[in-house]
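Tertiary structure, described
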Amino acid sequence: MGKYILKRLGYMAIVLLILSFLMFFVYSLIPYDRAVAEAEPYRKGLKTTENAAELYQAKVEELRRELGTDQNVVVRYLGWIGLAPINGKYNGILQGNLGYSYSFDRSAREVLADPLKNTVFINIFATFLGLGVTIPLGIFCAVHRGSKRDTAVQIGTIIGYSIPGFIISIVFIWIFAILLKWFPVSGMKTPGSSYTGLAELKDRLYYMALPLIVMTFSSLGGMTRYVRASMSEALSLDCIRTARAKGLVEKTVIYSHAFRNALIPIITLVIGWFIGIFSGSIVIENIFGLNGVGRIYILSLNSKDFEVVLLLQMFYVILGLLGNLIVDIAYGLADPRVRVNK
């Protein structure tokens with residue numbers, strides 16, 4: 001398995017380089033000049049100078065040489081990655097330089113540190129909540145397939161699956177925040193509060209509760225139906241009928257034999273769903289005013305802060321590639337018949 005993982009990591013590195021170059025090339029087509037943006041404060045200080053235009057243009061040209069924006073797109077990309085020198089220096093991602101945010105006036109690493117923690121926090125909670133509801137519910141519907149309770153759940157999941165996440169967010173805000181006043185409309189913590197320790201965690205969870213409910217509810221439809229279909233197929237296998245004929249307890253048949261056979265398609269869905277939540281949280285974070293990478297992503301796009309945007313897109317690409325690798329490894333763990341060493 002070790003050789004297989006190393007081989008896949010090599011393929012992932014090649015794919016990452018190709019995709020990152022395509023992203024870099026697309027953004028290079030946008031009429032935006034970093035040198036002009038950096039020279040703007042200098043231009044404002046030249047208002048009373050006689051040859052202000054000449055000095056400003058000279059400053060822009062100097063900055064273009066320093067930043068490497070006077071080079072072609074391939075050289076600029078290699079410099080951004082850290083595989084080629086820019087102005088005589090190797091100072092790219094491989095050297096730890098993740099870029100600079102001109103709208104926040106800080107390094108991209110500092111801009112994304114806290115939002116990334118918040119996004120990971122809310123998505124991990126949403127994943128466990130979603131799996132804790134959808135997997136038992138899907139198994140229940142498969143075991144009681146055709147019953148009234150199964151029909152009611154299927155109708156509910158179709159409705160939930162058909163409604164977009166932002167509509168669910170608005171409806172839940174109206175019900176739970178406006179009418180019932182159980183949760184705040186938006187925000188990360190109580191304004192003006194300075195809680196620490198357990199009190200801070202409780203306050204944070206209170207503000208995170210409604211977004212988590214929305215994300216969990218949005219996932220119920222597709223996940224429940226997928227688990228139900230996979231379990232229904234597994235329960236119809238000959239080995240399950242044999243296990244029942246041997247007199248095994250029904251719970252053992254369902255959770256040990258049938259669920260094990262149903263895991264392969266469920267693993268694909270669960271890991272893909274977990275990765276998809278990170279991009280789906282862009283909508284949730286902006287609606288609820290959460291300080292996550294989704295909100296930073298939208299703000300950076302609006303302000304043309306492309307170094308932050310490129311870094312976030314690299315994060316999503318890496319997440320997707322790692323997700324595929326984890327799926328392959330999980331296949332082998334769930335079913336020994338799936339060999340990942342070839």
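Up top you'll find the structure we're talking about.
First, a word on what this report is: a plain description of the structure on this page. It should be emphasised that the depicted structure is a prediction, and the values quoted were computed from it without experimental measurement.

Another point: the packing of helix H6 (residues 148–162) against helix H8 (residues 197–235). Relative orientation of the contacting elements H6 and H8 amounts to 135 degrees, with a least axis distance of 7 Å. In terms of axis orientation, H6 runs oblique to H8. Regarding H6 and H8, the two cross each other, and that crossing is left-handed. Packed against H6, whose contacting residues are Asp150, Val153, Gln154, Thr157, Ile158 and Tyr161, the element H8 presents Leu220, Gly221, Gly222, Thr224, Arg225 and Arg228 at the interface. Per-class residue counts for the contact of H6 with H8 are 4 nonpolar, 5 polar and 3 charged.

Here we come to the pattern of salt bridges. Across all of its chains, the model carries 3 salt bridges by this definition. Between Arg228 and Asp150 there is a salt bridge whose closest N-O contact spans 3.0 Å. Here Arg228, found in helix H8, pairs with Asp150, found in helix H6; they are 78 residues apart in sequence, far enough to count as distant. Of the residues examined, Asp150 reaches a relative accessible area of 2% and is grouped as buried. The residue Asp238 makes a salt bridge to Arg241 at a minimum N-O spacing of 2.2 Å. Placement of both Asp238 and Arg241 in helix H9 (residues 238–245) is noted, with a separation of 3 residues, approximately one turn of the helix.

Turning our attention to the nonpolar core. In terms of nonpolar packing, the biggest core is built from 27 residues, with Phe24, Trp80, Leu112, Val308, Leu310 and Leu312 touching the most fellow members. When residues of this core are traced back to their parent elements, those giving at least two are helix H1 (2–28), helix H4 (73–81), helix H5 (108–143), helix H11 (293–302) and helix H12 (306–334). No other element matches the 11 residues that H12 contributes to this core. Each residue touching Leu310, except ones within four places of it in the same chain, is listed here: Met23, Phe24, Tyr27 and Trp80. With 25 residues, the next largest nonpolar core counts Ala142, Ala243, Ile267 and Tyr331 among its residues.

Criteria and thresholds
- Residues numbered from 1 in each chain as written.
- Predicted model: local features only at pLDDT ≥ 70, side-chain atom pairs only at ≥ 80, totals over all residues.
- Heavy atoms only, no water.
- Axes fitted to C-alpha atoms, helices over the stretch in contact; angles between N-to-C directions.
- Helix = DSSP H or I, 4+ residues; strand = E, 2+ residues; numbered from the N terminus.
- Parallel < 35°, antiparallel > 145°, perpendicular 65-115°, else oblique.
- Left-handed = near helix turned anticlockwise from the far one by under 90°.
- Contact = heavy atoms within 4.5 Å.
- Nonpolar A, V, L, I, M, F, W, Y, C, P; charged D, E, K, R; others polar.
- Salt bridge = Lys/Arg side-chain N within 4 Å of Asp/Glu carboxyl O.
- Buried < 20%, exposed > 50% of the residue type's maximum accessible area, 1.4 Å probe, protein only.
- Core = buried A, V, L, I, M, F, W, Y, C linked by side-chain atoms within 4.5 Å.

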